[in-house]
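Analysis of the macromolecular model
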Amino acid sequence: MTELEKMRSGLWFNAGDKELVAMRQKAKALCRQINQQGPVPVKAHQQLAKQLFARVSRCYIEPDFYCDYGVHIELGNNFYANHHCVMLDAAPIRIGNDVLLGPGVQIYTVTHPLDAELRKTGVEQGLPVTIGDSVWIGGGALIMPGVSIGNGAVVAAGAVVTRDVAAFSLVAGNPAREIRKLEPGQ
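Presented here is a report on the structure given in the accompanying data block. (Residues numbered from 1 in each chain as written. Predicted model: local features only at pLDDT ≥ 70, side-chain atom pairs only at ≥ 80, totals over all residues. Heavy atoms only, no water.)

Comments concerning the environment of Gly 76
Selection criterion: Secondary structure elements are taken from DSSP: a helix is a run of H or I of four residues or more, a strand is a run of E of two residues or more, and numbering for both begins at the N terminus. We call two residues in contact when some of their heavy atoms are within 4.5 Å.
In this fold, Gly 76 is placed in the loop between strand E4 (73-75) and strand E5 (79-81). Distance in space between the C-alpha atoms of Gly 76 and Gly 96 is 4.5 Å, their sequence separation being 20 residues. Sequence-distant contacts of Gly 76, that is, excluding residues within four places in its chain, are made with Arg 55, Arg 58, Ile 95, Gly 96 and Asn 97.

Things to note about the pattern of salt bridges
Note the cut-off: A carboxyl oxygen of Asp or Glu within 4 Å of a side-chain nitrogen of Lys or Arg is what we treat as a salt bridge. Only protein chains enter the accessibility calculation, which uses a 1.4 Å probe; a residue whose area is less than 20% of its type maximum is buried, one above 50% is exposed, and one in between is partly exposed.
Inspection of the entire model under this criterion finds six salt bridges. The residue Asp 68 makes a salt bridge to Lys 28 at a minimum N-O spacing of 3.4 Å. Of this pair, Asp 68 sits in the loop between strand E3 (65-67) and E4 while Lys 28 sits in helix H2 (residues 18-37); the two residues are 40 residues apart in sequence, bridging distant segments of the chain. By relative accessible area, which is 15% here, Asp 68 ends up buried. Arg 55 is the salt-bridge partner of Glu 74, the closest N and O atoms lying 3.7 Å from each other. One end of the pair, Glu 74, is in strand E4; the other, Arg 55, is in the loop between helix H3 (42-52) and strand E2 (59-61), with 19 residues separating them in the sequence. With a relative accessible area of 39%, Arg 55 lands in the partly exposed category.

Things to note about unusual backbone geometry
Between Pro 63 and the following residue, Asp 64, the backbone shows a cis peptide bond with an omega angle of -5 degrees. As for its position among the elements, Asp 64 is in the loop between E2 and E3. For the peptide bond that leads from Asn 174 to Pro 175, omega is -5 degrees, which places it in the cis range. Of note, Pro 175 is situated in the loop between strand E18 (169-172) and strand E19 (177-181). One non-glycine residue with positive phi stands out, namely Asn 78, at about 60 degrees. Counting through the fold element by element, Asn 78 comes out in the loop between E4 and E5. Judged by relative accessible area, Asn 78 falls into the partly exposed class, the value being 30%.

A closer look at the sheet that holds E4
Cut-off, in case you're wondering: What makes two strands pair is DSSP finding at least two bridges between them.
Taking strand neighbours across the sheet as the criterion, the four strands line up as E4-E7-E12-E15 in an open arrangement whose pairing is parallel. Because the sheet does not close on itself, it has two edges, and the strands there are E4 and strand E15 (148-149). With three bridges joining them, E4 and strand E7 (residues 93-95) adopt parallel strand pairing. Directly across from Glu 74, in E7, lies its bridge partner Arg 94.

Considering the nonpolar core
We apply this condition: Nine residue types can take part in a nonpolar core, namely buried Ala, Val, Leu, Ile, Met, Phe, Trp, Tyr and Cys, and a core is a set of them joined through side-chain atoms within 4.5 Å.
Counting 43 residues, the largest nonpolar core has Phe 79, Met 87, Leu 101, Ile 107, Ile 137 and Ile 149 as the members making the most contacts within it. Broken down by element, this core gets its largest block of residues, four residues, from H2. Counting residues in each nonpolar core, the second largest holds nine residues, with Leu 4, Met 7, Ala 15 and Ala 90 among its members.

Some words on the sheet that holds strand E9 (residues 106-108)
Sheet architecture is open: five strands sit in the order E3-E6-E9-E14-E17, paired in parallel fashion. The two strands at the open ends of the sheet, each matched to only one other strand, are E3 and strand E17 (160-161). The pairing of E9 with strand E14 (residues 142-143) spans two bridges and is parallel. Bridge pairing links Ile 107 to Ile 143 in E14.

Comments concerning H2
Counting along an α-helix, one turn takes 3.6 residues, and residues three or four places apart therefore face a common direction. Rules: Helix span is expected to be 1.5 Å times the residue number reduced by one. In this context, the arc is that of the directions from the helix axis out to the C-beta atoms. Within 3.5 Å is the distance limit for a polar contact, defined as a pair of N or O atoms, with the added protein rule that one can donate a hydrogen and the other accept it, and that residues adjacent in sequence qualify only through two side-chain atoms.
With 20 residues, H2 extends 29 Å from end C-alpha to end C-alpha; this agrees with the ideal 28 Å at 1.5 Å per step. Along H2, the residues classified as buried are Leu 20, Met 23, Arg 24, Ala 27, Leu 30, Cys 31, Ile 34 and Asn 35. For H2, the buried positions fall inside an angular range of 140 degrees around the axis, keeping them on one side. Exposed positions of H2 whose direction lies more than 90 degrees from the buried face are Lys 18, Gln 25, Lys 26 and Gln 36. Looking at the packing, one finds that the buried side of H2 touches helix H1 (3-8), strand E1 (13-14), H3, E2 and E3. Put simply, Asp 17 is the residue that caps the front of H2, since its side-chain oxygen is 3.1 Å from the backbone nitrogen of Glu 19.

So this is what it looks like as structure tokens:
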């Protein structure tokens, strides 16, 4: 199995592999172009996004945006990310329609071994993140590997989401905990 195949299978993989390094370099170059694009022209912004992401319809991403591979990120319609968003996509990041990310939101799929000796080998593992439709993630929130966030949920600014978030709920804190259920129209 190649390191890419291991990564895509959710197995431990070596990110120093030449193929993976080349994929990250390509993504970084596209991120740089998106970040330099500025607010206009929108059409050029959309074209760059289509080159970077696995799936994208209509999005707007404020500078500075960073990701590892891009090809594992799927964005629904009407996606918006405010300044300084980071998505580490060693595993799929699937984001639904009408999702808003505040400034400084970070979404991580990659994790490292807890064992110090194994960590020295450079292996990593990716666990997918799924974000449903009409989700709002407040500024500075961190979404950890393997988490799913349900439709209509709100993640408060600064929250550290370490486990799944139910649909139509408000979570806050570190680690994030449900504060209350949300009623449609709130």
